[in-house]
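Take a look at the letters that make up each chain.
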Amino acid sequence: MTMDDVAAVHALEQRLFPVDAWPLQMFVDELSQPETRSYVVAEGAAGIVGYAGLMCIEPIADVQTIAVVPEAEGRGIGSTLLTTLIDEARQRRASDVLLEVRADNPRAQRLYLRFGFEQIHVRPRYYRDGVDALIMRLQLADGRDDQVNADQTNANQANKEAGQP
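Note that this is a predicted model, so its numbers are computed, not measured.

Reading guide: rules and limits
Residues numbered from 1 in each chain as written. Predicted model: local features only at pLDDT ≥ 70, side-chain atom pairs only at ≥ 80, totals over all residues. Heavy atoms only, no water. 1 Å grid on protein atoms, 1.4 Å probe; cavity = no way out; pocket = protein on both sides within 12 Å on 5 of 7 lines; lining within 4 Å. Points joined across faces, edges and corners; volume = space filled by probe spheres on them. Helix = DSSP H or I, 4+ residues; strand = E, 2+ residues; numbered from the N terminus. Nonpolar A, V, L, I, M, F, W, Y, C, P; charged D, E, K, R; others polar. Contact = heavy atoms within 4.5 Å.

Draft legend 1. A look at the layout of surface pockets. If you add up the space inside the largest pocket, you get close to 1,200 Å³. Considering the residues around the largest pocket, the lining is formed by 40 residues, among which Phe-17, Ile-66, Ala-67, Asn-105 and Tyr-112 are closest to the centre. Those elements that provide at least two residues to the lining of the largest pocket are α1 (6-16), β3 (60-68), α3 (77-91), β4 (96-102) and α4 (106-114). In terms of residue count, β3 provides more of the lining of the largest pocket than any other element does, seven residues in total. Counted by class, the lining of the largest pocket contains 21 nonpolar, seven polar and 12 charged residues.

Here you go:
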């Protein structure tokens, strides 16, 4: 993600998360901290179809955001974005990757479980509309993610063969 992408990403953010959308300045602020932040976009024929961001302050990485437009769901874009963030966390020598997911978003929860995340906590009424946040963790340091890494590599290869990002 570059500063040139921020307006389009912010428009998607408002569309996808109307209650909890980040203000535009938050994206600008996040991109201005490359020493601890990494943001990516997924582009389709019509422009940006997904985006994701990671904050890493060793030894913990935190998925700040991940989103895919509904009309592009089911194409492996979310998996590709998440794989990119996990790879970035490894490069930044994180031992754990944390994230929050809405308790009423089973599709996202299934994605994270497939990647080896486990629920470790609940933050009651975390979101503005009163929905709980499930705190999930992927441990990277102890080698328990070897199978997940192999699964991600296989998924990436399948996506490439299918012409997906």
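Draft legend 2. Broad picture of the environment of Leu-134. If you trace the backbone, Leu-134 turns up in strand β6 (residues 133-139). Here the alpha-carbon distance between Leu-134 and Ile-120, two residues 14 residues apart in the chain, equals 7.7 Å. Once you skip the residues sitting within four places of it in the chain, Leu-134 turns out to touch Leu-99, Glu-100, Val-101, Ala-103, Gln-109, Gln-119, His-121 and Val-122.

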